[in-house]
Amino acid sequence: MSFTTLSFALVFVLIPLILSKYFKLGLEKDTLIATIRSIIQLFIVGYLLKFVFDSEQYIYIILMVTIMIIAATQNARKKGKMIRGITWKLVLTFTLIELITQFILIGFQITPPTAQYIIPLSGMVIGNSMVLAILFLNRFTSEIKSQQDQTELILSLGGSPKQAVQNQLVQAIRASTIPTIESQKTIGLVQLPGMMSGQIIAGADPLQAVFFQLLVLFLLLTTAVFTSILLGFLSYPTLFNESMQFLDEELKQLSD
Amino acid sequence: MDHILNEDAAIYFEHVSYKRDNNTILSHINGMFPKGKITALVGPSGAGKTSLLKLCNGLKSPTSGNIYINNKNINSYDPPSLRRYAGIALQQATMIDGTVRKNLALPLILQNKSLTENEAKELLKLVGLDTDMLSRHVNDLSGGQKQKLSIARTLVNRPHILLLDEITSSLDPISVEEIEKLIYTINKKYRTTIIWITHDINQARQMGDYVWVMMQGQLIESGSISLLDHPKTDKVAQFLKGRSS
């Protein structure tokens, strides 16, 4: 595909613009902004990747992964305001999941240790880990708030902080990972996964595309479960003090 | 250390203040709860009674001042053992999702122990619940049954101090009487120290050996239960007058 052919593709932007104007939907401005932003952002990433691939220097790979982790943390931390030190907890979670997955991928020689593999797979792992972190934090916050009585009951009977939030923790971990597991059950039946479609269009053998898609799916299973569990175990202790008291006061202040 | 060792005190408060969200809930409480006795804790809503109870088993900590349990500073206890030593039963009788049996066994499950069928039945009998209730879901219980179960559950830890927060306020007269009898029996049989928050002055008179009268976060008067018939302060006289009319 060339710039010329891509410019023809702008017809697909023109159609919604005309429709929006005609039906007074008021979507023109947002459509234009979205189009311009996506063009700029993707081209920057494209050229950046081209540069990193060509240079074959690990420092650039590390730099790109670092940027991904910072961006993901920035996005997810808003959902975890009630948890003290959520920023570094997210950084730790994203960094660990990235290291573990790359260690397995490269260690078992599943993928070669080149920028071409490391960067896109890191993007998928960190991006999904971010979504999982947001889902988990949302659910965990609401579980903790709605079940304060239970937390206090278990503490009052001599239970530990972990026992006091065990149920809420499990609920939040399950609720945040179930969508990932469920979506894998129907994959390929309705819609081809984006990555696989892209590979097939770019001329790859469909079976090769399937191999890679499966690899990504398995990778995302680990990402999902690991992210919620790690974040859960890093988060719950901040809801208690050293006298094993539930900090409901702090919780109230932070969520106001 | 300026606190007086008092052999008769199960719990001793020394200049205890407690703030929450920068509001003073309790201010400069000095007083004691005698060992093996029932102390009625009375006072209008918002007097800080429930907070005081939660300080007694370390669910909350004072902002300033000291609390002594058996003449030992409360901070020297390991929190879980303190909470088993001073068990609390709250007005709302919170249950965990599941059967009566699961709720009853909860204090032991938390210690990786289990409750035998016989122990469970004995406990139900003690609080006046049918022994065939064990497999019932707690959602099917009435308010009174939940309250009795909540007391039984607290007793599983064999507490030496029992902290009761308005446990009879939502119950029918028959259940109230049963629970009063139960608490009286526990006190006499096991010499359990009992602190009982109640809105019912007659219940306080009938059940209490001692009484604390609290208002606006302060301990106004404390002493033998006869205090309720001869209050020293106008404030308390006024409060009692309002309650009995």
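Procedures and definitions
Residues numbered from 1 in each chain as written. Chains lettered and ligands numbered in written order. Predicted model: local features only at pLDDT ≥ 70, side-chain atom pairs only at ≥ 80, totals over all residues. Heavy atoms only, no water. Helix = DSSP H or I, 4+ residues; strand = E, 2+ residues; numbered from the N terminus. Rg over C-alpha atoms; globule rule 2.2 N^0.38 Å. Buried < 20%, exposed > 50% of the residue type's maximum accessible area, 1.4 Å probe, protein only. UniProt positions renumbered as here; feature names shortened; annotations may be inferred. Patch = residues over 30% accessible without salt bridge, like charges linked within 9 Å, V, L, I, M, F, W, Y side chains within 5 Å. Areas by Shrake-Rupley, 256 points an atom, 1.4 Å probe, with all protein chains shown as cover. Salt bridge = Lys/Arg side-chain N within 4 Å of Asp/Glu carboxyl O. Contact = heavy atoms within 4.5 Å. Polar contact = N/O pair within 3.5 Å; in protein donor to acceptor, adjacent residues only side chain to side chain. Nonpolar A, V, L, I, M, F, W, Y, C, P; charged D, E, K, R; others polar. Pairing = 2+ DSSP bridges. Axes fitted to C-alpha atoms, helices over the stretch in contact; angles between N-to-C directions. Phe/Tyr/Trp six-rings, centres within 6.5 Å; stacked < 30°, edge-to-face > 60°. Parallel < 35°, antiparallel > 145°, perpendicular 65-115°, else oblique. Left-handed = near helix turned anticlockwise from the far one by under 90°. Domains from an automatic or database assignment. Buried area = accessible area lost by both parts, 1.4 Å probe.

Draft legend 1. Quick look at the overall build of chain B. When helices and strands are counted, chain B shows eight helices and ten strands. Since a compact globule built from 245 residues should have a radius of gyration of about 18 Å, the 18 Å found for chain B is in line with a globular shape. Principal axes of the C-alpha set define a box for chain B whose edges measure 50 × 45 × 35 Å. In chain B, which comprises 245 residues, the share counted as buried stands at 53%.

Draft legend 2. Structural detail: the UniProt feature "domain: ABC transporter" (unreviewed entry) in chain B. UniProt records the feature "domain: ABC transporter" (unreviewed entry) at residues 11–241 of chain B, using the numbering of this structure. Segment residues 11–241 of chain B splits into 35% helix and 27% strand. End C-alpha atoms: 29 Å apart.

Draft legend 3. Geometry of a nonpolar patch on the surface. Residue and element names in this part refer to chain A. Together, Met-1, Phe-3, Leu-6, Leu-10, Leu-32, Ile-36, Ile-39, Ile-40, Phe-43, Ile-44, Tyr-47 and Leu-48 give the surface a local cluster of nonpolar side chains, amounting to about 1200 Å² of exposed area. Secondary structure elements with two or more residues in the nonpolar patch: α1 (3–8) and α3 (28–55). For the nonpolar patch, the leading source of residues is α3, giving eight residues. Relative to the assigned elements, Leu-10 resides in the loop between α1 and α2 (11–22).

Draft legend 4. Fine view of the interface of chain A and chain B. Between chain A and chain B, the contact holds 19 residues from the first and 25 residues from the second. Taken together, the links from chain A to chain B amount to three salt bridges. For the pair chain A and chain B, the number of links is twelve residue pairs in polar contact (both at pLDDT 80 or more). The set of elements that each furnish at least two residues to the side of chain A that touches chain B consists of α7 (148–156) and α11 (248–255) of chain A. Broken down by element, the side of chain A that touches chain B gets its largest block of residues, seven residues, from α7(A). A class-by-class count of the residues in the side of chain A that touches chain B yields six nonpolar, eight polar and five charged.

Draft legend 5. Seen up close, the sheet that holds strand β2 (residues 23–34) of chain B. Residues and elements named next belong to chain B. What the four strands build is an open sheet, ordered β2-β1-β4-β5; its pairing is antiparallel. Sheet topology places β2 and β5 (72–73) at the edges, where each strand pairs with a single neighbour. Pairing analysis gives two bridges linking strand β4 (residues 64–69) to β5, with the strands arranged antiparallel. Within β5, the position partnered with Ile-69 by the bridge is Lys-72. Running over the sheet, helix α1 (residues 49–56) touches β1 (9–20), β2 and β4 and is turned about 120° from β1.

Draft legend 6. Spotlight on the UniProt feature "transmembrane region" (unreviewed entry) in chain A. Residue and element names in this part refer to chain A. The UniProt entry lists residues 6–23, 35–52, 58–76, 88–111, 117–137 and 214–236 under the feature "transmembrane region" (unreviewed entry), expressed in the numbering used here. Here residues 6–23 runs as 83% helix and 0% strand, with 27 Å between its end C-alpha atoms. Strand forms 0% of residues 35–52 and helix 100%; the C-alpha atoms that close the span are 26 Å apart.

Draft legend 7. Spotlight on the packing of aromatic side chains. Residue and element names in this part refer to chain B. Evaluated as defined, the whole model comprises twelve aromatic pairs over all chains. Geometrically, the ring pair formed by Tyr-12 and Tyr-68 is edge-to-face, given 6.2 Å between the ring centres and 65° between the ring planes. With Tyr-12 in strand β1 and Tyr-68 in strand β4, this residue pair connects regions lying 56 residues apart in the sequence. For the residue pair Tyr-12 and Tyr-68, the accessibility class agrees, reading buried in each case. Taking the centre distance of 4.0 Å and the plane angle of 15° together, the rings of Phe-33 and Trp-212 count as stacked. Residue Phe-33 is found in strand β2, and its partner Trp-212 is found in strand β9 (residues 210–215); the two are separated by 179 residues along the sequence.

Draft legend 8. Region of the structure containing the packing of α2(A) against α3(A). Residues and elements named next belong to chain A. Interhelical geometry of α2 versus α3 gives an angle of 165° and a closest axis separation of 9 Å. With respect to α3, the axis of α2 lies roughly antiparallel. The handedness of the crossing between α2 and α3 is left-handed. Each of Val-13, Leu-17, Ser-20 and Lys-21 in α2 lies in contact with α3, whose residues at this interface are Glu-28, Thr-31, Leu-32 and Thr-35. Here the residues of the contact of α2 with α3 are counted per class, giving three nonpolar, three polar and two charged.

Draft legend 9. Geometry of the domain arrangement of chain A. Residues and elements named next belong to chain A. In terms of domain boundaries, chain A breaks down into domain 1 (1–55) and domain 2 (57–255). Here domain 1 and domain 2 have C-alpha centroids that lie 30 Å from each other. Between domain 1 and domain 2, the residue contacts involve six residues of the former and seven residues of the latter. The junction of domain 1 with domain 2 conceals about 600 Å² of combined surface from both sides, 84% of it contributed by carbon and sulfur atoms. The three residues of domain 1 that bury the most area against domain 2 are Val-52, Phe-53 and Ser-55, which together make up 65% of that side's buried surface. Counting every contact that joins domain 1 to domain 2 gives one residue pair in polar contact (both at pLDDT 80 or more).

Draft legend 10. Examining the pairing of β2(B) more closely. Residues and elements named next belong to chain B. Pairing between β1 and β2: eight bridges, direction antiparallel. Bridging across to β2, Tyr-18 finds its partner in Leu-26. Counting the residues between successive antiparallel strands, the hairpin from β1 to β2 contains two residues, one of them, Asp-21, with a positive phi of roughly 50°.

Draft legend 11. Region of interest: the environment of Ile109(B). Residues and elements named next belong to chain B. Assignment of secondary structure puts Ile-109 in helix α3 (residues 100–109). Owing to a relative accessible area of 41%, Ile-109 belongs among the partly exposed residues under this scheme. On a C-alpha basis, the gap between Ile-109 and Tyr-190 in space is 24 Å, while along the polypeptide they are 81 residues apart.

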